[in-house]
Amino acid sequence: KEVMSLIKVDPNDNIYSMSDKIKKKVEKFRKNKEQNSTDDSLDALDKLPGWMLKFIVAPVVKFMDRHDLLPKSLNDDLLYNSTVILSNLGSIKCGAIYHHLTNFGTNGILVTIGNIHKEPVVMEDGKIEVRDIVEFGINLDERVADGVYFSKAINLLDYILRNPELLEERANERIEENI
């Protein structure tokens, strides 16, 4: 069964503590087949007739979302109220995709990671080497930030990926980019 889960980043987290959080969530879902409160609520709604969902429930839920009135049981683990939705599509042997953002919740950034594959790369010295490559699909809601901010964010991501030791620092540490 497909499960999407919200994982909160604490100020003192780093790449290792985040890895531990992800592993624990995955183990919990695999071992106990548990769902979070949002999944339970959505499963209950899914049992309603289609016409009721479309004409009654969906408009009411969207209204409640726009006015910050969703019940805690539906809102606690709602992925669409996160800063970033990150999906590792490489784990299912899929490439990175670009997908539209929803008009539901507060999420404004969607990042997908594709399958790792080999590809020839021209190196700085002009030589060609076959390297492991992974693609990222990144969407940013233009209502949240403009293209200048998006470009700076992508440059910072590139800098971090070229200097992965930066991820060993705490999440609340400012990264000074040298680009």
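My aim in this report is to walk through the structure given alongside it, one point at a time. (Residues numbered from 1 in each chain as written. Predicted model: local features only at pLDDT ≥ 70, side-chain atom pairs only at ≥ 80, totals over all residues. Heavy atoms only, no water.)

## Here we look at helix α3 (residues 50–66)
Line of reasoning, step 1. Here α3 contains 17 residues, and its C-alpha end-to-end distance of 22 Å stays within 8% of the 24 Å for a straight helix at 1.5 Å per residue.
Line of reasoning, step 2. At Val 57, α3 shows its maximal bend, which comes to roughly 40°, and the proline Pro 59 appears one to four places after that position.
Line of reasoning, step 3. Every buried residue of α3 is accounted for by Val 57, Val 61 and Asp 65.
Line of reasoning, step 4. Trailing α3 by a residue or two, Asp 68 shows a phi angle of about 55°, which is positive. (Helix = DSSP H or I, 4+ residues; strand = E, 2+ residues; numbered from the N terminus. Expected span 1.5 Å × (residues − 1). Bend = angle between axes of the 7 residues up to and from the residue. Buried < 20%, exposed > 50% of the residue type's maximum accessible area, 1.4 Å probe, protein only.)

## Observations regarding the packing of aromatic side chains
The geometry of an aromatic ring pair is captured by two quantities: the separation of the ring centres and the angle between the planes.
Line of reasoning, step 1. Summed over the entire model, instances satisfying the criterion amount to one aromatic pair.
Line of reasoning, step 2. Measuring from ring centre to ring centre gives 6.5 Å for Tyr 80 and Phe 104, while their planes differ by 85°; the resulting arrangement is edge-to-face. Here the residue Tyr 80 occupies a position in the loop between α4 (72–75) and β1 (84–88), and Phe 104 occupies one in the loop between β1 and β2 (109–113), the gap between them amounting to 24 residues.
Line of reasoning, step 3. In this structure Tyr 80 comes out as partly exposed when scored by relative accessible area, which is 31%. (Phe/Tyr/Trp six-rings, centres within 6.5 Å; stacked < 30°, edge-to-face > 60°.)

## Comments concerning the sheet that holds strand β5 (residues 136–140)
Line of reasoning, step 1. Strand order in this open sheet of three strands is β1-β2-β5, and the pairing throughout is mixed. Each edge of the open sheet carries a strand with a single partner, namely β1 and β5. With direction set aside, neighbouring strand axes in the sheet form an average angle of 10°. (Pairing = 2+ DSSP bridges. Axes fitted to C-alpha atoms, helices over the stretch in contact; angles between N-to-C directions.)

## Structural notes on the pairing of β2
Line of reasoning, step 1. In the sheet, β1 pairs with β2 via five bridges, with the strands oriented parallel. Pairing of Asn 88 across the sheet is with Ile 113, part of β2.
Line of reasoning, step 2. Across five bridges, the pairing between β2 and β5 is antiparallel. Bridging across to β5, Ile 113 finds its partner in Phe 136.

## Focus on the pattern of salt bridges
One side chain can pair with another of opposite charge once the charged atoms of both are near each other.
Line of reasoning, step 1. Applying the stated criterion across every chain, the model contains seven salt bridges.
Line of reasoning, step 2. For Lys 118, the salt bridge goes to Asp 132, with nearest N and O atoms at 2.9 Å. With Lys 118 in strand β3 (residues 117–122) and Asp 132 in strand β4 (residues 128–133), the pair connects residues that are 14 residues apart, well separated along the chain.
Line of reasoning, step 3. Of the charged contacts in the structure, one is a salt bridge between Arg 143 and Asp 141, with a shortest N-O distance of 2.8 Å.
Line of reasoning, step 4. Through salt bridges that share partners, Asp 10, Asp 13 and Lys 21 make up one connected network. (Salt bridge = Lys/Arg side-chain N within 4 Å of Asp/Glu carboxyl O.)

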